[in-house]
Amino acid sequence: IHKKIKSICCIGAGYVGGPTMSVIAQKNPDIKVTVVDLNEQRIADWNDADLSKLPIFEPGLDAVVEEARGRNLFFSTDVNQAIAEADMIFISVNTPTKTYGAGKGMAADLKYVELCARQIAEVATSDKIVVEKSTLPVKTAQAIKSILDNTGNGVKFQILSNPEFLAEGTAMTDLANPDRVLIGGDQTPEGKAAIQSLVDVYGAWVPQAQIITTNLWSSELSKLVANAFLAQRVSSINAISELCEATQANVEEVARAIGMDSRIGPKFLKASVGFGGSCFQKDILNLVYISKSLGLNEVADYWEQVIIMNNHQRDRFANNIVSTLYNTVSGKKIAFLGWAFKKDTNDTRESAAIYVADRLIDEQAQIYVYDPKVSAKQMQADLNYLSTRTETENAKYLQTQTDPYKAVEGAHAIAVLTEWDEFKSYDWQKIYDNMSKPAFVFDGRNVLNQEALEAIGFQVQSIGK
Ligand code: UDX
Ligand code: UDX
Ligand code: ADP
C-alpha cells in the first residue's frame, strides 16, 4: 500500500520549482509544500507582500501564489528543516552546461544536483521519496541513488523521475492542463508504491489517463527527446526560411501548408531568429554528449546539426543587418525590440538577442534595447557572460531604454528579437518620423504587419519571406 504524501519539499525556487510547487500546493490544500533555495534574495522576493516583486514573471502566477502562500505553500532558506519534515523531496536546481573540464560546453554540470543529494543524505532521518524535476542526463537517478544508499543511517529512499514539460510564458496553463504528466521509477513493489504516491499528488487535478508511468531511464530520456524534437522542428522550419528567402516562396505559407498534414501538425513551425531558453540547447548538447560517449557518432552528428542550424540562423540575421546597412554599422544606432528568449517571460537564458547583439557589437554598432520585462542589469550580465570583450566595453555599446520610443529615436534600424504583443500596436508612423532614413526594420519574429510598415515608408525584412 502506498504512502499518502503530507509534506513536500522542493529544493530550488527557480523557473521550474516556483511555478510547479505553487500549482501543486494550490490543488492539494492538505499537503504542506515548502520551496527552499540558498539564494536569500530569491526567497525574500517569493515572500514579498507585493506580488509584482515575485522573482519570476509568469502570467497568472501571482494569483496562485496569493491563494496558497501562507496556507500550505511556504518559501524558505532553511533547507535542512524542510528536508527533515518532508516525505517527498523534489530536486529542482539548475543544471547548466559545464564550463570546465571533460564535456565542457556539452555535458550538464551536475554539481548542484549532487550537493542536494548529499544534503538530503545527511539530514534525513525518515524514509523519503526523492523526485528529479530538473532536466538531467539519462542515468542521473542512478547517481543520486548511489549517494543516498550509502549513508548508512538506515533511511530508505525511492528515486523518481518526473520531468517538467511546462513552457515559460504559459507555465500556469501548462501546469493546470498538462498534455501529460510523466513519472518514472523502479519497477519493484517499493518503486511502484512511490510512483503511486506521486500519481496521487497530480491526480488531484490531472485526469488519470494523462498520467503515464515508465521505468526511470525512459522517463529521463523522454524529457531530452521531447525537447530535442521541438528544437528540431524550429531548426527545420528555419532552414526552410533561408531557402524561402532565396526563392519566391513564403515560409508562413509553407508552414501552413505542411502543418495541415495531421502527421506533421501545425504547432512549433514558426520561423524565427533562432530558439533560445534554458532547455533546448542544453538538452540537445546532453543528447549529443551521451551519444558520443556511447560511441554512437551518427546519432550525435544528427542531433548536433539542430544546434548548428540554430547558430547559423542567429548569425545570418545579424549579418543581414550589416550587409543591408551598406556593409557598415560602425557607430550606427540599432534598436532592439525585445531581449527575452520569447514573449511573456523575463527569462533571457540563451536568447538569440544576446548573440545578435554580440555580433553587431563586433561591428561597433550602438545597440539600444527595450524589453518590457528584462532589466538593464540582466542584459549586461548576459552579454558579459559571453566574455567576448570587457564589461566596460560592453557597457559602452549596449544601452537599455525603458521607453520603446526612446530606444528607436534616431535609429538606423530596428530589429525585433522577441515577439512581445505590444510591439504590434506601437505608433509606427511616429517611430518612422523619428528614425534615420532609410528606416530599416528587421523582423526576427514575423510579428509586425510588413505591408502596413512599407506603406509608411519602412524598408522591412522578415524571416523567410
Ligand atoms: C521548452 C519546452 O517547450 C518545454 O516543454 C520544456 O519543459 C522546456 O523547454 P521553453 O524553452 O520555455 O519550453 O519555451 P518554448 O515555447 O518551447 O520556446 C523555446 C524557443 O523556441 C523560444 O526561443 C521560442 O521563441 C522558439 N520557438 C518556438 C520558435 O522560434 N518557433 C516556434 O515555432 C516555437
Ligand atoms: C509518402 C508520404 O506519406 C505521402 O504524403 C507522399 O505523397 C508520398 O510519400 P509513402 O512513401 O507512400 O508516402 O508512404 P509513407 O506511409 O509516408 O511511408 C514512407 C516510408 O516511411 C515507409 O517505408 C514507411 O515504412 C516508413 N515509416 C513511416 C517509418 O519507418 N516509420 C513511421 O513512423 C512512418
Ligand atoms: P530552473 O529553470 O531549472 O528552475 P533556475 O536557475 O531558475 O533553474 O532555478 C534553480 C534554483 O536552484 C536557483 O534559484 C538556485 O539558487 C537554486 N539552488 C541551486 N543549488 C541549490 C542547493 N544546493 N540548495 C538550494 N537551492 C539551490
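Given the structure is predicted, the values throughout are model-derived calculations rather than measurements. (Residues numbered from 1 in each chain as written. Chains lettered and ligands numbered in written order. Predicted model: local features only at pLDDT ≥ 70, side-chain atom pairs only at ≥ 80, totals over all residues. Heavy atoms only, no water.)

*Asks:* Give me the lowdown on the site of ligand 1, citing residues and values where you can.
*Replies:* In the vicinity of ligand 1, 20 residues are found, and the nearest of them are F165, E168, S272, F341 and R445. A distance of 2.8 Å separates an oxygen atom of ligand 1 from a polar backbone atom of F341. Considering ligand 1 on its own, with 660 Å² of exposed area, one finds that the protein chains cover 90% of that surface. In terms of residues, the shell around ligand 1 owes the most to one element, helix α9 (residues 216–246), which gives four residues. Classifying every residue of the shell around ligand 1 by side-chain character gives eleven nonpolar, three polar and six charged. Counting the residues that make up the shell around ligand 1, at least three belong to each of domain 1 (7–214) and domain 2 (308–462). (Near = heavy atom within 4 Å. Polar contact = N/O pair within 3.5 Å; in protein donor to acceptor, adjacent residues only side chain to side chain. Areas by Shrake-Rupley, 256 points an atom, 1.4 Å probe, with all protein chains shown as cover. Helix = DSSP H or I, 4+ residues; strand = E, 2+ residues; numbered from the N terminus. Nonpolar A, V, L, I, M, F, W, Y, C, P; charged D, E, K, R; others polar. Domains from an automatic or database assignment.)

*Asks:* Tell me about the sheet that holds strand β1 (residues 7–11), and name the residues and values.
*Replies:* Spatially, eight strands are ordered β3-β2-β1-β4-β5-β6-β7-β8 in an open sheet, and the strand pairing comes out mixed. Either end of the sheet is taken by a strand with one partner, and the two such strands are β3 (73–76) and β8 (211–214). With direction set aside, neighbouring strand axes in the sheet form an average angle of 25°. Note: strand β2 (residues 32–36) against β3, four bridges, orientation parallel. Note on β3: the bridge partner recorded for V33 is L73. Set on the sheet, helix α6 (residues 140–149) makes contact with β4 (88–91), β5 (128–132) and β6 (157–161); between it and β6 the angle comes to about 165°. (Pairing = 2+ DSSP bridges. Axes fitted to C-alpha atoms, helices over the stretch in contact; angles between N-to-C directions. Contact = heavy atoms within 4.5 Å.)

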